[in-house]
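# Close look at the chain arrangement
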Amino acid sequence: MSAASCPEPSPAERARSVLAAAGSLTVTTQGHRIELIGLHTVDAAARLLLPNPPDGHLGAESAMAPHGDLATLVEFTDIAPVAVRERVRARLTLGGWLTALGPKALVFNPARAVLTDDDGTIVIGLDELTLASPDPLATHEAEMLARLDAAHAHTVAPLARLLPAREQLGATGVRPLRLDRHGLVLRLETPEAHHDVRLPFATAATHPGEAVRQIHALLAEATARPRGRRLPTRS
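Rules of the game
Residues numbered from 1 in each chain as written. Predicted model: local features only at pLDDT ≥ 70, side-chain atom pairs only at ≥ 80, totals over all residues. Heavy atoms only, no water. Helix = DSSP H or I, 4+ residues; strand = E, 2+ residues; numbered from the N terminus. Buried < 20%, exposed > 50% of the residue type's maximum accessible area, 1.4 Å probe, protein only. Contact = heavy atoms within 4.5 Å. Areas by Shrake-Rupley, 256 points an atom, 1.4 Å probe, with all protein chains shown as cover. Lys, Arg positive; Asp, Glu negative; His and termini not counted. Charge placed at Lys NZ, Arg CZ, Asp CG, Glu CD. Polar contact = N/O pair within 3.5 Å; in protein donor to acceptor, adjacent residues only side chain to side chain. Salt bridge = Lys/Arg side-chain N within 4 Å of Asp/Glu carboxyl O. Domains from an automatic or database assignment. Buried area = accessible area lost by both parts, 1.4 Å probe. 1 Å grid on protein atoms, 1.4 Å probe; cavity = no way out; pocket = protein on both sides within 12 Å on 5 of 7 lines; lining within 4 Å. Points joined across faces, edges and corners; volume = space filled by probe spheres on them. Nonpolar A, V, L, I, M, F, W, Y, C, P; charged D, E, K, R; others polar.

Before going further, it helps to spend a moment on the overall build of the chain. Along the backbone of the chain there are seven helices and eleven strands. For the C-alpha atoms alone, the extent of the chain along its principal axes is close to 70 × 35 × 25 Å. Here the chain, with 235 residues, has 46% of them falling under the buried criterion. Relative to all contacts within the chain whose residues are 6 or more apart in sequence, the contacts with residues 24 or more apart total 55%. Carbon and sulfur atoms make up 56% of the accessible area of the chain, which totals about 12,100 Å². Charge centroids of the chain, computed over 24 positive and 26 negative side chains, lie 8 Å from each other.

The subject of this paragraph is the side chain of D180. Note that D180 resides in strand β9 (residues 173-180). Side-chain polar atoms of D180 contact the backbone nitrogen of H182, separated by 2.8 Å. The residues touching D180, leaving out its near neighbours within four places in the chain, are P9, D135, L137, R198 and F201.

Two side chains that carry opposite charge are able to pair once their charged atoms sit near each other. What the rule picks out here adds up to 13 salt bridges. For D135, the salt bridge goes to R181, with nearest N and O atoms at 3.2 Å. With D135 in the loop between α3 (126-131) and α4 (141-150) and R181 in the loop between β9 and β10 (183-189), this residue pair connects regions lying 46 residues apart in the sequence. By the burial criterion, D135 is buried, and R181 matches it. Close ionic contact of R187 with D196 constitutes a salt bridge, the shortest N to O distance being 2.8 Å. When salt bridges with common partners are traced through the structure, they connect R14, D78, R89, D117 and E141 into a single cluster.

A word on the domain arrangement of the chain. The assigned domain composition of the chain is domain 1 (11-131) and domain 2 (140-224). The straight-line distance from the C-alpha centre of domain 1 to that of domain 2 is 30 Å. Across the contact, eleven residues belong to domain 1 and 17 residues belong to domain 2. A combined buried area of about 1,100 Å² lies between domain 1 and domain 2, and 43% of that area is made up of carbon and sulfur atoms. Summed over the three residues of domain 1 that lose the most area to domain 2, namely V82, R85 and R89, the buried surface amounts to 51% of that side. At the boundary of domain 1 with domain 2, the tally comes to three salt bridges.

Moving on, we come to the side chain of S17. Mapped onto the elements, S17 comes out in helix α1 (residues 11-21). When its relative accessible area of 15% is taken as the criterion, S17 is described as buried. Within the structure, S17 has its side chain in polar contact with the backbone nitrogen of D135 (distance 2.8 Å). For S17, the residues in contact, after removing those within four places along its chain, are P134, D135 and A138.

Roughly 520 Å³ of internal volume is contained in the second largest pocket. Those elements that provide at least two residues to the lining of the second largest pocket are α1, β1 (24-28), β5 (70-79), α4 and β9. Among the residues forming the lining of the second largest pocket, the class breakdown is eleven nonpolar, six polar and ten charged. Each of domain 1 (11-131) and domain 2 (140-224) accounts for three or more of the residues forming the lining of the second largest pocket.

What follows is the structure, given as C-alpha cells:
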C-alpha cells in the first residue's frame, strides 16, 4: 500500500485525540496566562471543564466579561512518549469562550481549533471538532509505544524490514513515533534529519488488544522476509 493510500486519522480526529490524551494545557486570556497540569476533563462535545485556579483570577475575569463569556485560547502540545529527535508531534490551539460554573469551576466552549504538525497548519471548525471522536487508542498510546520501544530489538527493528529500501536510505536508527487505529508510524533518523513512515494495519483496530494483534501480524510478516540491511538498534 502506498503512503498516499494509507488510511490515517483526519485532522479533527487527531485534534480530539490530543484533547483526550493530553495531561496539561495552557490557558491564555487578555489578562492571564496559566498552566494547568492534570486538572481538566473533556466532554463528548469537546468542551473543557477546568478548575478555577486558587487565586480566582480566571473566574473573576470571566465574571467581568460581557455576558460572562471570556475570550480565551487553550493550547496543547502533543509530545512523543519516546525520546526521538524533535519530540513535539503537534500543537493544538483552541479558540473559544470561558465561562464560570461557580466559584471552583470553569467551562471552556471551543469555537474553532488550529492543528499544526509536520504536514502544516489546518483550521478545524466547531462542527468538525464536535462530530469527530478521539482515536480508540489515544489514551493508551503512550504506554503502548513505550513498551514497543523497550523491546526495540524484538519489535521495532524487525518491523523496519517492512519499509521500502528507499525509505531506509541513509537511516541510522528507527523509533516508534505514533500509534492509532489505522497503524504504526515509525521515525527514521539520519545524522542530520528524519522522516516518518506509516505501517498500516490490515483492518482498523477498535481497542488496544486488537492493535496488539495487528502489530503481531506485522511482526510475523516482517520476520518472514529475508533480512536486508539492518538498522542500528537503540543505544
